[in-house]
Amino acid sequence: MSDNLLEVKNLKMYFPITKGIILQRHVGDVKAVDGISFNIKHGETLGLVGESGCGKSTTGRAILQLYHPTGGNVLFNGEDLTLMKGEALRHQRRQMQMIFQDPYASLNPRLTVGNIVGEPLEVHKIGNAKERRERVQELLKVVGLNPYFVNRYPHEFSGGQRQRIGVARALAVNPEFIVADEPISALDVSIQAQIVNLLEELQAQLGLTYLFIAHDLSMVRHISDRIAVMYLGHLVELTDHETLYSNPLHPYTQALLSAVPIPDPYIEDTRQRIVLEGDVPSPTNPPKGCNFCTRCARAMDICFETDPEWKDMGTAEEEHWVACHLY
Ligand code: SF4
């Protein structure tokens, strides 16, 4: 068996822009994800980081085939999900679940916790009513909630408890792989660590593999084995978390890291912040050459002409992928 649970190859997700109500002429595309490749090993957590609108959530959804990718391949346990349909795809989807960003919006307020957590069991026709209820109670216990809460409604819970309900729902069908789409961004800072700890404990107990999406590097630091940095639909850097924090290569990663506060007050006082000038260009009309060239302080002539190659600058032991003409 391969080490990789997931292999993403040259994944593209374009959303067409049309003009005209009747003829719907195709006049362009929003290139939300534009040819990215990476692997995730069994039991690993890959952090995927970038500013809002860079394509990271679209990547998660395209992997799970919630969007049908415009191009590229997504191999899960060696099988290409982009070629599957119907029952075969439904069967694979059972192994892949998602935890959503906003625990307030992602839980149906009219359903009880029992119905919310038990819904995937019903969809996949697992067990009878009594077995499903027992499974829901067991799941609530696993995520640290009182199993007698099954008849309560989402509004009766705090943000952290609601996210635990979201985690229980994702675990209901025993998945191997979970896309956690900014699962802690909407939570109080004091609660964020509890959810990260819960996800880590579940990973250790159940052997889960995660794609953990976040908009800043401080959120993925502790949970990720490797981290991929994304900018305007492209991956710009990918390596193990220690190397990324100690030796970031790409100017965009360096800027993101310079914004992460350092817990030591003496070092924090000397932290040099790299402020990025300008806005992120539109994904409908990305710049020619390197897509970071409009904001990069180190841009050279070649950067405005040629898209940099995705190169491994690492060692025999550790990969360190980067897309930048400086290397
Ligand atoms: Fe900056 Fe050029 Fe590297 Fe792009 S390729 S990040 S513009 S130096």
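Higher on the page you've got the structure.
Residue numbers run consecutively from 1 along every chain, following the written order of its sequence. With pLDDT at 70 or above as the cut-off, local features in this predicted model cover only qualifying residues; side-chain atom pairs require 80 or more to be listed or tallied, and sums for whole chains, interfaces and linings still use all residues. Side-chain figures throughout are based on the complete set of non-hydrogen atoms in the structure, without hydrogens or water.

1. Looking at the packing of aromatic side chains
Aromatic ring pairs are defined here through the distance separating the ring centres and the angle between the ring planes. Centres within 6.5 Å are what make two rings of Phe, Tyr or Trp a pair, Trp counting through its six-membered ring; a difference in plane orientation under 30 degrees is then read as stacked, over 60 as edge-to-face, and the rest as tilted. Counted by the stated rule, this structure contains seven aromatic pairs. When the centroid spacing of 5.3 Å and the interplanar angle of 85° are considered together, the rings of Phe15 and Tyr67 count as edge-to-face. You can see Phe15 sitting in strand S1 (residues 4-19) and its partner Tyr67 sitting in the loop between helix H1 (56-63) and strand S4 (71-76), a full 52 residues away along the chain. Judged by relative accessible area, Tyr67 falls into the partly exposed class, the value being 30%. Of the aromatic side chains, those joined through ring pairs into one cluster are Tyr231, Tyr252 and Phe292. It is Arg221 that lies over the ring of Tyr245; its NZ or CZ is 4.1 Å from the centre. Numbering of helices and strands runs from the N terminus; a helix is a DSSP stretch of H or I covering at least four residues, while a strand is a stretch of E covering at least two. Classification of residues uses two cut-offs on accessible area relative to the type maximum, computed with a 1.4 Å probe and protein chains only: under 20% is buried, over 50% is exposed, and between them is partly exposed. Only when the NZ of Lys or the CZ of Arg is both within 6 Å of the ring centre and within 35 degrees of the ring normal is a charge said to sit over the ring.

2. Observations regarding the sheet that holds S1
By this definition, two strands are paired if DSSP reports at least two bridges between them. Spatially, the four strands line up as an open sheet ordered S2-S1-S4-S5, and their pairing is antiparallel. Of all strands in the sheet, those bounded by a partner on one side alone are strand S2 (25-41) and strand S5 (79-80). Pairing of S1 with S4, which is carried by five bridges, proceeds in the antiparallel orientation. Bridge pairing links Val8 to Val74 in S4. Note on definitions: a residue-residue contact is assigned when non-hydrogen atoms from the two residues lie within 4.5 Å. The axes are straight lines fitted to the C-alpha atoms, using for helices just the contacting stretch, and the angles between their N-to-C directions are given from 0 to 180°. Together, S1, S2 and S4 form the strand contacts of H1, whose direction differs from that of S1 by roughly 110°.

3. Describing empty space enclosed by the protein
Using a 1 Å grid laid over the protein atoms alone, points where a 1.4 Å probe fits but cannot get out form a cavity; open sets with protein on both sides within 12 Å along at least 5 of 7 lines form a pocket; any residue with an atom within 4 Å of a point counts as lining. Grid points are joined across faces, edges and corners, and a volume is the space filled by probe spheres set on the points. Applying the stated criterion across every chain yields a total of one cavity of 30 Å³ or more. As for the largest cavity, its lining consists of His250, Pro251, Cys290, Phe292, Cys296, Arg298, Met300, Cys303, Cys324, His325 and Leu326. The class makeup of the residues in the lining of the largest cavity is eight nonpolar, two polar and one charged. Each residue gets one label: Ala, Val, Leu, Ile, Met, Phe, Trp, Tyr, Cys and Pro are nonpolar, Asp, Glu, Lys and Arg are charged, and the others, such as Gly, are polar.

4. A word on the site of the ligand
Throughout, near means a residue has at least one heavy atom within 4 Å of the molecule or strand. Around the ligand, the neighbouring residues are His250, Pro251, Cys290, Phe292, Cys293, Cys296, Arg298, Ala299, Cys303, Cys324, His325 and Leu326. For a cavity or pocket, the test is whether more than half of a molecule's atoms lie within 2 Å of its grid points; if they do, the molecule sits there. A majority-of-atoms criterion places the ligand in the largest cavity. Here the residues of the shell around the ligand sort into nine nonpolar, two polar and one charged.

5. Considering the sheet that holds strand S3 (residues 45-49)
Within the open sheet, the eight strands sit side by side as S6-S7-S8-S3-S9-S10-S12-S11. Their pairing is mixed. Each of the sheet's edge strands pairs with one partner strand only, and the pair in question is strand S6 (96-99) and strand S11 (311-312). Sheet topology note: the strand S9 (residues 226-231)/strand S10 (residues 234-240) ladder contains six bridges and is antiparallel. In the strand pairing of S10, Val229 is matched with Glu237. Helix-sheet contacts for H1 involve S3, S6, strand S7 (177-181), strand S8 (209-214) and S9, and the interaxial angle to S8 is about 155°.

6. Points about the pairing of S1
As paired elements, S1 and S2 share 13 bridges and run antiparallel to each other. Across the sheet, the residue bridging to Lys12 is Asp34, located in S2. Between the end of S1 and the start of S2, which pair antiparallel, lie five residues, with Gly20 showing a positive phi angle near 90°.

7. What about the pairing of S7?
Within S7, five of the five residues are buried, which leaves it mostly tucked inside the rest of the structure. The alternating pattern of S7 places Phe177, Val179 and Asp181 on one face and Ile178 and Ala180 on the opposite face, and all of these are buried. By the bridge criterion, four bridges tie S6 to S7 in an arrangement that is parallel. Bridge pairing in S7 links Met96 to Phe177. In this sheet, S8 lies alongside S7 in parallel orientation, the contact comprising five bridges. Its bridge partner lying in S8, Ala180 is registered against Phe212. With the strands pointing away from the viewer, any crossover whose connection runs clockwise from the first strand over the helix to the second is right-handed. Each parallel crossover has a hand, and for S7 linked through helix H6 (residues 189-206) to S8 it is right-handed.

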